[in-house]
Amino acid sequence: IVGAFSLNRDREFQDDWRLQMKYLFERAAPLDLSEITEIYPKPYIYNYKERIEQITKFIASKHSEKENLMKETGIKELDVDFVCSRGVLKNVMIGNTSTEFDAIKFQNTIYLCQYVEPGKRFNTDSDSNGFIFENRMLTINPMEAPILGPVNEAEEFIVMMKQKIKDLNVLFTVESDG
């Protein structure tokens, strides 16, 4: 793990990872996911480059504090071959030929994102039940039960991971639930 960041309800980049970090709350009673009626869905028709833009904001925020970056992560420079999301990495690793990618090379690093035609639905492989479950099981304070309010699918807590795959260094995002 080299860092983390959050997205708020308007999907704006927040350099303070603590804003969306949550803790597991153990419940004694079974959950009824059907009780939720108010859901603020993630905007599925959006700029397909959104995740790569968030990653570059994270990198820029850390490089503007170069001394802190070296202390926090051990990274002296952006010493990676590829930068992408976990979903893009998965599609590359399994050889998904039905997925199109956009790539740009900058300072010996390839930034890779999934291409989606403008106005088309972006496939996120998720549904509201997962967000409802998280809303009922996770809390911002580990000593208190979750606040049972509306579910906002746009908010995210994202962890940045660096992994060596064969002889390549890859920096990628992982959305974490708690």
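Described in the following lines is the structure provided in the data block. Note that the structure is a prediction, hence the values are computed from the model and not measured.

### A closer look at the side chain of Ser85
Logical step 1: Tracing the backbone through its elements, the reader meets Ser85 in strand S5 (residues 82–85).
Logical step 2: Among the residues examined, Ser85 registers a relative accessible area of 15% and is labelled buried.
Logical step 3: If sequence neighbours within four positions are ignored, Ser85 has contacts with Arg51, Ile55, Phe172 and Thr173.

### So, the pattern of salt bridges
Logical step 1: Under the criterion given, the structure shown has three salt bridges.
Logical step 2: A salt bridge links Glu50 to Arg11, with the shortest nitrogen-to-oxygen separation between them at 2.9 Å. Here the residue Glu50 occupies a position in helix H1 (residues 50–63), and Arg11 occupies one in the loop between strand S1 (3–7) and strand S2 (13–14), the gap between them amounting to 39 residues. Residues Glu50 and Arg11 agree in their burial class; the two are buried.
Logical step 3: Among the salt bridges present, the one from Arg51 reaches Glu156, with a minimum N-O distance of 2.7 Å.

### Notes on the sheet that holds S2
Logical step 1: Taken in spatial order, the seven strands line up as S2-S1-S10-S11-S5-S7-S6 in an open sheet, and their pairing is mixed. Edge positions in the open sheet fall to S2 and strand S6 (101–106), since each of these has one partner strand only.
Logical step 2: Here S6 pairs with strand S7 (residues 109–114) via six bridges, running antiparallel. Across the sheet, Ala103 pairs through a bridge with Leu112, a residue of S7.

### Observations concerning the state of the cysteines
One way to say it: the disulfide is the covalent bond shared by the sulfur atoms of two cysteines.
Logical step 1: Within this structure, the stated rule accounts for zero disulfides.
Logical step 2: Cys84 takes part in no disulfide bond, and the closest cysteine sulfur to it belongs to Cys113, at a distance of 9.9 Å.
Logical step 3: For Cys113, a relative accessible area of 8% gives the class buried.

### Thoughts on the side chain of Thr139
Logical step 1: For Thr139, the position within the fold is in strand S8 (residues 138–139).
Logical step 2: Residue classification places Thr139 among the buried residues on the basis of a relative accessible area of 4%.
Logical step 3: A polar atom in the side chain of Thr139 sits 3.1 Å from the backbone oxygen of Asn141.
Logical step 4: Separated by 3.0 Å, the side chain of Thr139 and the backbone oxygen of Glu144 make a polar contact.
Logical step 5: Setting aside residues no more than four positions away along its own chain, Thr139 makes contact with Lys22, Tyr23, Phe25, Glu144, Ala145 and Pro146.

About the criteria used
Residues numbered from 1 in each chain as written. Predicted model: local features only at pLDDT ≥ 70, side-chain atom pairs only at ≥ 80, totals over all residues. Heavy atoms only, no water. Helix = DSSP H or I, 4+ residues; strand = E, 2+ residues; numbered from the N terminus. Buried < 20%, exposed > 50% of the residue type's maximum accessible area, 1.4 Å probe, protein only. Contact = heavy atoms within 4.5 Å. Salt bridge = Lys/Arg side-chain N within 4 Å of Asp/Glu carboxyl O. Pairing = 2+ DSSP bridges. Disulfide = S-S within 2.5 Å. Polar contact = N/O pair within 3.5 Å; in protein donor to acceptor, adjacent residues only side chain to side chain.

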